[in-house]
Each structure stands twice: as structure tokens, then as C-alpha cells.
Amino acid sequence: MPTSSPFRTKTVEQSIRDTEDPEHGLKRALSALDLTVFGVGVIIGTGIFVLTGTVARDTAGPAVALSFIVSGVVCALAALCYAEFASTVPVAGSAYTFAYTSIGELPAWIIGWDLILELALGAAVVAVGWSGYVQSLLASADITLPNAINGGTDDDWGFNLPASLLVLLLTVILVFGVKLSSRFTALIVAIKLTAVLLVIFAGLFYIKGDNYSPFIPDKQPPADTGGGLKQPLIEWASGFEPSAFGVMGIFFGAATVFFAFIGFDIVASAAEETKKPQRDLPIGILGSLAICTLLYVAVSIVVTGMQKYTELSIDAPLSDAFKAVDAGHWAWFVNIGAVAGLMSVTMIMLLGQSRVFFAMSRDGLLPKFFSETHPVYRTPYRSTIALGIVVAVVAGLIPLKELAELVNIGTLFAFVVVSIGVIVLRRTRPDLPRAFRTPWVPVLPIVSVLACLWLMINLPVETWWRFLVWMAGGFLIYFLYSRGNSRLGATATATEPGVPGVSPVVDEEIPGGAPPGQVPPHGDGLPPSDPRRPDDGS
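All chains use their own residue numbering, which begins from 1 and follows the written sequence. For a predicted model such as this one, the threshold for reporting local features is a pLDDT of at least 70, and the threshold for listing and counting side-chain atom pairs is 80 or more; totals across whole chains, interfaces and linings nevertheless cover every residue. To obtain the side-chain values, all non-hydrogen atoms of the structure were used and water was disregarded.

**Brief notes about the overall build of the protein chain**
Item 1. For the protein chain, the count of helices and strands is 18 helices and two strands.
Item 2. The buried share of the protein chain, reckoned over its 538 residues, is 59%.
Item 3. Pairs at least 24 apart in sequence give 79% of the contacts found in the protein chain among residues at least 6 apart.
Item 4. Only the protein chains shown count as cover for residues, and the accessible areas themselves come from Shrake-Rupley with a 1.4 Å probe. Carbon and sulfur atoms make up 67% of the accessible area of the protein chain, which amounts to about 21100 Å² in all. In DSSP terms, a helix is any run of H or I states spanning at least four residues, a strand is any run of E spanning at least two, and both are numbered starting from the N terminus. For every residue, the accessible area (1.4 Å probe, protein chains only) is compared with the maximum for its type, and the residue is labelled buried under 20%, exposed over 50%, or partly exposed between those bounds. It only takes one pair of heavy atoms within 4.5 Å for two residues to be counted as in contact.

Pasting the structure below:
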């Protein structure tokens, strides 16, 4: 393949070598527990505190628990693909890095560009939601912020100062080190899990069996979506109209509650900061997903048992369910958990975004200024600060409700790319040591791709248009700037791809490997210190 091709790939060995540069490498400080806490911290948020009531009331009824199970299975398919990639290529950047080593530079750029939008917008949206919960708690204490700084209303705009300050505070914490961030997240997650477990165990005493009847309500015509750009793509393109309730309501509900699971993929963005990525990353990704699926199913069963699904609140279904059964004293604790939950989601989205931006900058696809790490804390402080300021301004200025679905389509697109990448890398680099192997390749990744595409076509047409406009901008930037400044493009002209033990990008010895042209040690081309090597005692 010509070295100038936009589909040129970066070798796994070159990606690993980049992490050894003291000016552009990150500090390894995270354990499997830290990664699991990160995963739970970012997954449990708006989904469990809001979507449970929305989907139960409008789409699936008490069978919303089954919708969560279906979504959990779809996420598990993608998670298995992420686990193989993250343990094989333990480098910052998540799906961007995986695409670069398997499919090519242009697809990697597009997925990185997509992730920047997804995580930046997601962090801003969640920060605005956090601001709303905080102001609700303040109102219960008779404290009301003036419209000028509380985000205002639809008719009276105001700067959302609490949301903006939250983003700036979390940005400072992230600059001071990922270990400090993980400790802060652990505290917040503990508060959030306490609130979730409170809902489950306290709510058990208020369950009424009659509220589960019927468990799967009869099929009904869906609520009017408004037609045009507001309708799902599948309906707009084919005339097919999703139904509410019934068996199909479970699956269409899954398309909505799926987004309650968004976040486990961000665990992969911390691969370069993990002590033993070949062991800990699969544990963190799959462990956090399993814990959250169990909690989601339990909460949905309890809440739909406490209150009839037709009467559930959309804004605060958990706390309002307690109020409906004259147990409002528990609602205050639930709201505290919601505030903590949204805070941890915001921080980990900021962390994931800065790592993707850092990896793209280190590869030359974005200005290299942003790939410098802090001399003391070894964090990508320049990209963290720059993006933190942007997100803080966006969270303070712009109402983002209509743009929130861009987060969903961006995540699903990343899942599709990673699933395809596993198949490609298995064929192009079967020699790579894989501490974790996705089972049933290529069948499982193909099923993962199809499941994600199904959920994507159930998103509104306007979401697709906005997504395509953002992607078109990404193509323009790539061909005007990134392609000409790529490190891979600058060095690939030096040599043709070499032999094992030699970087096909630059004809130089791999650190710790064999000299050019010789068989590498250990028979796998990896130095003994490589984080992907199994701990075999050597």
C-alpha cells in the first residue's frame, strides 16, 4: 500500500514505543479496582436516575427490566471487542488508537474526531444536568440563584454558572494526576452506589404486586414524534413505524436505555495509565459493565413495583416514586446520589476526551503543543486545560438538550469501528500476543456491528444530519492539516515495512527488541518490559 495512502496503519510496536517518551508518555498508576470504579462512575448517571421512568412509562412498561438486559447484551458484545484491543494495544486514545493500528489513519482520525464531539458534548450536557439537581437541592433549603447565573429559562436566558464552575473544578483535579482523580471518583461513586442500593433495598418494602400487571403491556401506537427530521431514520427511510409496548416495545426501549450504558468504553482511554493493562483492562471494562447491568435491572424492577408504570415521573422517577408511597424522606438521599453520580460522569468524560485529544496530538494529527505532559504529574495538562475551558464555556452558554443525541450516535459509531477493527487485526497481525481474546471471532464482532447499526437507525433524522455535518468538517481538517502533519506520514517515506523486530515506520531497533533483521526475543517482538507481555516470571 502506498505510504501516502490515508489508510496507512500505525504498527502496535510504534504505538507502544510512543508511550516510552518521557515528554509524551503518561504515568502508570491505575489498578483493576481503579478502572472498575471509573467504569461504574461514568456509566451510572442520568440513565439510572432518569431513563428508567421514561422508558417504563412510554415504551416498555414493567418490562423495562428486559430492555436493560437486551441493552446490556449489546454492550457486552462491544465490550468484549474493546477488552481485546485495550489489552493488546495499551495506549491512550481508546477507539482512535485501535482504529489507527488496524484500519488506517483516516478512519482513526474520523473516529477520534467523533469521540471529541461525543465526550465534550456529553460532559457539557451532564454538567448542565448536575446544575439542575444542585439547584433543586438548594431550593429545598429556600436558596434560589438569580436567572442571570442559573441557566435561565426558555424565555429568559442566563449563564449556567454552576455547570461551568463544576467543569473547571474537575479540570483542575484531572491536571493534578489520574490517581488523585481516581480517589475522588471512588468517593463520589461510593455515595452514588449508596443511593442506588438505598432505592433497591428500601424500595422492596413498598412494592405492590398489582403494579407489575401486565408485565408486558399490550402493543399500542407510538406517541407522535412530530414527523420530518424528528422521526427515527428507519421510519423516515422505509415507512416502518416502531410500536410502543408489546414485545417489540422491549427492543425499542432497549434502543433508548442503551445510552444508560455509555461510558465503559472510556475505561479503555486510560490504558496507558494502567499498571498491568493486559490483566486489568478486561477486568475494568467487563466488571463495570456487569455491575451496572445488575443494578439497572434491580432498580427498574423495584421502581415499577413501587408505582404503576403509567404514573412514573420522567424528570425524577426514583425520588418521586418514594414520594408517591409516602416515603419522601428517602427522596432527599436519592437526590444526593444523583448529584454525586452526575459529577463523576462529567469528570470521567473530561478525562476520556483529553486522552483522545492527547493521542491525536502525539501522532501529529492535531497541533503537537497539546501532547506535552506535565513535568511533575505526568498528565496531558495542556489538552486537559484547553478542552476543560471549552466545555465550561459551552456548558455555561448553550442549551444542549437537542444536541444530546449526538453523544449517542457518536458512541455507537465508535463501537462499530472497534468491532470491525478486531476482525481486521486478527487477520493482519495474528502474531500479536493477546492477553485477552474476544471469543467467536468473526461472528461475535459482526453481531456487535449489526446490533449497533440497528440502534443507530432508531435515532432521529436530525441527529444523523448533525453527525454528518460534524464528520464532513473532520474530513476537511484531515486533508487540509492532519494528513500533511502526521508523524506516520512524515516517517513512512523513509523505509518500506520491515521485518519483525523492526518498526515498519522507521528502520530502527524496537526498544528492548532484536536488532534490525534479527529474530526478536521471546518470539513475539516485545521487550520484557512491554506492558502487554504476560507476567510469566521472565
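**Side note on the confidence of the model for the protein chain**
Item 1. With 83% of its residues at a pLDDT of 70 or more, the protein chain shows a mean pLDDT of 81.
Item 2. This stretch, residues 495-525, has a pLDDT under 50; its non-local contacts, to residues over four places away or in other chains, come to 58 contacts.
Item 3. Across residues 531-538, where pLDDT falls below 50, the model places 24 contacts with residues more than four positions away in sequence or in other chains. Confidence of the prediction at every residue is given by pLDDT, a number between 0 and 100.

**Examining a nonpolar patch on the surface**
Item 1. Note that patches include only residues with greater than 30% relative accessible area and no salt bridge, and the join distances are 9 Å for like charges and 5 Å for nonpolar side chains (Val, Leu, Ile, Met, Phe, Trp, Tyr). In the sections that follow, a salt bridge refers to a side-chain nitrogen of Lys or Arg positioned within 4 Å of a carboxyl oxygen of Asp or Glu. A cluster of nonpolar residues, Leu66, Ile69, Val73, Phe215, Ile216, Val247, Met248 and Phe251, forms a patch on the protein surface that exposes about 640 Å² of accessible area.
Item 2. For the nonpolar patch, the secondary structure elements donating two or more residues are helix H4 (64-88) and helix H10 (246-257).
Item 3. Here Ile69 is to be found in helix H4.
Item 4. Looking at Ile69, the relative accessible area reads 38%, which means it is partly exposed.

**Here we look at the packing of aromatic side chains**
Item 1. The aromatic pairing rule takes the rings of Phe, Tyr and Trp, using the six-membered ring of Trp, and pairs them if the centres are within 6.5 Å, calling planes under 30 degrees apart stacked, those over 60 edge-to-face and the rest tilted. Summed over the entire model, instances satisfying the criterion amount to 20 aromatic pairs.
Item 2. When the ring of Phe369 is compared with that of Phe370, the centres are 5.3 Å apart and the planes differ by 85 degrees; the resulting orientation is edge-to-face.
Item 3. Ring geometry for Phe413 versus Phe467: centroids 5.6 Å apart, planes at 70 degrees, classification edge-to-face. Of this pair, Phe413 sits in helix H15 (residues 405-428) while Phe467 sits in helix H17 (residues 461-485); the two residues are 54 residues apart in sequence, bridging distant segments of the chain.
Item 4. Under the relative-accessibility criterion, Phe413 is labelled partly exposed at 22%.
Item 5. A network of ring pairs unites the aromatic residues Trp109, Trp113, Trp470, Tyr478 and Phe479 as a single cluster.
Item 6. Only when the NZ atom of a Lys or the CZ atom of an Arg is both within 6 Å of the ring centre and within 35 degrees of the ring normal do we say a charge sits over the ring. Lying across the ring of Tyr100, Lys10 places its NZ or CZ 5.8 Å from the centre.

**Side note on the side chain of Thr384**
Item 1. By the secondary structure assignment, Thr384 is in helix H14 (residues 381-397).
Item 2. Setting aside anything within four residues of it in sequence, one finds Thr384 in contact with Thr171, Leu174, Val175, Ser354 and Arg355.

**Re the packing of helix H2 (residues 32-43) against helix H11 (residues 277-306)**
Item 1. Relative orientation of the contacting elements H2 and H11 amounts to 40 degrees, with a least axis distance of 8 Å. As far as their axial angle goes, H11 and H2 are oblique. The handedness of the crossing between H2 and H11 is right-handed. Packed against H2, whose contacting residues are Ala32, Leu35, Thr36, Gly39, Val40 and Ile43, the element H11 presents Asp280, Leu281, Ile283, Gly284, Gly287, Ser288, Leu289, Ile291, Cys292 and Tyr296 at the interface.
Item 2. In this classification, Asp, Glu, Lys and Arg are treated as charged, Ala, Val, Leu, Ile, Met, Phe, Trp, Tyr, Cys and Pro as nonpolar, and every other residue, Gly included, as polar. Residues that form the contact of H2 with H11 fall into these classes: ten nonpolar, five polar and one charged. Note on definitions: angles span 0 to 180 degrees between N-to-C directions of axes, and those axes are lines fitted to C-alpha atoms, for helices only across the stretch in contact. Geometric relationships in this document are graded by angle, where less than 35 degrees denotes roughly parallel, more than 145 denotes roughly antiparallel, 65 to 115 denotes roughly perpendicular, and other angles denote oblique. Take the far helix as the reference: if the near one is turned anticlockwise from it by less than a right angle, the crossing is left-handed, and if turned clockwise, right-handed.

**A short note on the packing of H11 against helix H12 (residues 317-324)**
Item 1. Their axes nearest at 9 Å, the elements H11 and H12 cross at an angle of 35 degrees. Seen along the crossing, H11 lies across H12 with a hand that is left-handed. Where H11 approaches H12, its residues Val299, Val303 and Met306 are matched on the opposing element by Pro317, Leu318, Ala321 and Phe322.
Item 2. Residues of the contact of H11 with H12, tallied by class, amount to seven nonpolar, no polar and no charged.

**Observations regarding unusual backbone geometry**
Item 1. Note the cis peptide between Ser213 and Pro214, where omega equals 0 degrees.
Item 2. Following the sequence through the fold, Pro214 ends up in the loop between helix H8 (178-203) and helix H9 (233-238).
Item 3. Its identity as a non-glycine residue notwithstanding, Arg378 has a phi of 55 degrees, on the positive side.
Item 4. You can see Arg378 is positioned in the loop between helix H13 (329-362) and H14.
Item 5. By relative accessible area, which is 27% here, Arg378 ends up partly exposed.
Item 6. The phi angle at Trp440 is positive, at roughly 55 degrees, despite the residue not being glycine.
Item 7. Note that Trp440 resides in the loop between H15 and helix H16 (443-456).

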